[in-house]
Structure formats: C-alpha cells, structure tokens
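# Structure assessment
Here are the chains, one letter per residue:
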Amino acid sequence: MRSSESLLDLSVKALLSYLLGSISGSMVGGTFRHVDIRNSGSGNAGGTNAIRTQGTRFALSLVIIDIGKGFLAGWLLPHLGWNGLGQTYAQAVPMLVCGFAAVLGHCYPVWYGFKGGKGAATAVGALIVIEPLALLPMFITWILVLVLTGWVGLATMLAALSLIPTFLYLGASHEKLIFAILLALFVVFTHRSNIRKILNGTEHRFQRIWIRNWFH
C-alpha cells in the first residue's frame, strides 16, 4: 500500500472526527431552550459556563454529549475502512488522531462559527478509549486543585498536564506520549484567558467547592 493512500484514509477519519466534535452539547441543548450560552457569563460554550448560567441539569446533559462525541471519535471512527484508501500506520495512530481531532472540533466548531468550548469533556471521552487508567489521577488532580483554589480553569489545566507523567508511568507508546503532551498543551492553550484572569485577580472561584468556605 502506498503511504499516500494511508494518509488519505487517516485524513478522512480525522475530518469526520472533527465534524463530530463540532457538534456542541451546549448549542444542541441551547436550541431547545432558545438560548446561546456564549452570550452569557464568560461567553464560553463549555460546562463551567453552562452550570453558572443555565443550571446543573443543563450542564450535565451537555457534558454527556461532549464526552460521548470524544468517545465515539476514538472508538468508532478509527475502525471505519474504505477500499483503496489503505491503512499502513500503527494501530493506535487513528485512535489518537481521531480523538484529538474531536477535541479540536469542540473548541473550533465549523457549525458554530469556530467558537466553542475548551475541550476538557471531549478529551475525557477520547481518553476513555485511549488510556482509561489515566482518568483516575487526572480526576484526583482536578478535585484537589479545585478544592484548594476554587478555580475550575486552573484545576482543568493541571489535570490535563497530569496526563504527561501518568502516561510515562504507564509506559505508554511514543505515539500515546506525544498525544498526551499535545493534548495537555492544547488544553492549557484553550484556557489562556483563565491564566490572564488568575494573574489579574479576576478569575471566578467555585465558592461552594473552595475549601476556604467550608467552615463559614
């Protein structure tokens, strides 16, 4: 098989994953409520802004959708095949490419003017397929940072960065380690506005979770 055929096969799967990722849970849910959450709160189409502006039930439904599309991109799309396109790459590569493409689609959705969320929930969905053992330390990191600081954005960034030492500890392949590094850095990039707000002292805290307020 020619390498160009393999690249075409992988490109088609990546494109389909990106389009799947572009289906935003908040936008789909917002259609039934006749609301665009990008016009409220922080202006982000992710779960944190949804829970602040629309409530827990709405936020939970969109998170399920966003996790689900990451899962489908990593689990279903890599196994699709078309005669003549070829498949000569390593077995894990399509899963990693499709998972990352779905996260990219979530953050820059073609259906919604390339204005989406920050990718965390969709990344979790992809990781369920790619490396489920990485989810526990990631979740523990997220909870600890959130409780200690009250900052959801910081908790999400550090949870994403925890993927790198976790993948190293698990002895992940070079392809998976590269995926973990790129995903972690991308999540930090999508949260760059949170970094600015933390430095400026204007970042919103999750008051009910912040340990400082437990004893008030």
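Quick summary incoming for the structure in this document. (Residues numbered from 1 in each chain as written. Predicted model: local features only at pLDDT ≥ 70, side-chain atom pairs only at ≥ 80, totals over all residues. Heavy atoms only, no water.)

A few words now on the side chain of Glu203. Structurally, Glu203 is set in the segment after α11 (192-200). Within the buried core, Glu203 has no salt-bridge partner, and the shortest N-O distance to an opposite charge, that of Lys197, equals 4.8 Å. Here Asn194 takes part through its side chain, which lies 2.8 Å from a polar atom of the side chain of Glu203. Once you skip the residues sitting within four places of it in the chain, Glu203 turns out to touch Trp151, Gly153, Asn194, Lys197 and Ile198. (Helix = DSSP H or I, 4+ residues; strand = E, 2+ residues; numbered from the N terminus. Buried < 20%, exposed > 50% of the residue type's maximum accessible area, 1.4 Å probe, protein only. Lys, Arg positive; Asp, Glu negative; His and termini not counted. Salt bridge = Lys/Arg side-chain N within 4 Å of Asp/Glu carboxyl O. Polar contact = N/O pair within 3.5 Å; in protein donor to acceptor, adjacent residues only side chain to side chain. Contact = heavy atoms within 4.5 Å.)

The subject of this paragraph is helix α4 (residues 56-75). The terminal C-alpha atoms of α4 lie 28 Å apart, and with 20 residues this matches the ideal 28 Å at 1.5 Å per residue to within 8%. All of the buried residues in α4 are Phe58, Ala59, Leu62, Asp66, Lys69, Gly70, Ala73 and Gly74. Looking straight down α4, one finds that the buried residues subtend no more than 135° of arc, so they occupy a single side. Opposite the packed face of α4, turned more than 90 degrees from it, sit the exposed residues Thr56, Arg57, Leu60 and Ile64. (Expected span 1.5 Å × (residues − 1). Arc of directions from axis to C-beta.)

Applying the stated rule across the entire model yields three salt bridges. Close ionic contact of Lys69 with Asp66 constitutes a salt bridge, the shortest N to O distance being 3.3 Å. One end of the pair is Lys69 and the other is Asp66, both in helix α4 and three residues apart, which spans about a single turn. The burial state of Lys69 is the same as that of Asp66; both residues are buried. Between Glu131 and Lys176 there is a salt bridge, with the nearest N and O atoms lying 3.6 Å from each other. With Glu131 in the loop between α6 (120-130) and α7 (135-149) and Lys176 in helix α10 (residues 174-190), this pair connects stretches of sequence that are 45 residues apart.

In a soluble, globular protein the nonpolar side chains are often hidden away together inside. Grouped together as the largest cluster of nonpolar side chains are 22 residues, with contacts concentrated most on Val103, Leu127, Ile130, Leu163, Phe167, Phe179 and Leu183. Taken together, the elements giving at least two residues each to this core come down to α5 (93-107), α6, α8 (152-161), α9 (163-169) and α10. Top element by residues in this core is α10. It accounts for six residues. Dropping the residues within four chain positions of it, Val103 is found in contact with Gly119, Thr122, Ala123, Leu183 and Phe186. (Core = buried A, V, L, I, M, F, W, Y, C linked by side-chain atoms within 4.5 Å.)

A cluster of nonpolar residues, Leu136, Phe139, Ile140, Ile143, Leu144, Leu148, Ile211 and Trp214, forms a patch on the protein surface that exposes about 790 Å² of accessible area. With respect to the helices and strands, Trp214 occurs in the segment after α11. Its relative accessible area of 48% is what places Trp214 among the partly exposed residues. (Patch = residues over 30% accessible without salt bridge, like charges linked within 9 Å, V, L, I, M, F, W, Y side chains within 5 Å. Areas by Shrake-Rupley, 256 points an atom, 1.4 Å probe, with all protein chains shown as cover.)

The next thing to look at is the packing of aromatic side chains. Tallied over the entire structure, the rule returns five aromatic pairs. Ring geometry for Phe100 versus Phe186: centroids 5.6 Å apart, planes at 55°, classification tilted. With Phe100 in helix α5 and Phe186 in helix α10, the pair connects residues that are 86 residues apart, well separated along the chain. According to the relative accessible area criterion, Phe100 is partly exposed, its value standing at 22%. Residue Phe186 is classed as buried on the basis of its relative accessible area of 12%. Every member of this aromatic cluster is reached through a ring pair, and the members are Phe100, Tyr108, Phe186 and Phe189. Arg192 extends its terminal NZ or CZ atom over the ring of Phe189, reaching a point 4.0 Å from the ring centre. Residue placement shows Arg205 over the ring face of Trp210; its charged tip is 4.1 Å from the ring centre. (Phe/Tyr/Trp six-rings, centres within 6.5 Å; stacked < 30°, edge-to-face > 60°. Lys NZ or Arg CZ within 6 Å of the ring centre and 35° of its normal.)

Read these as spatial facts, not as claims about activity.
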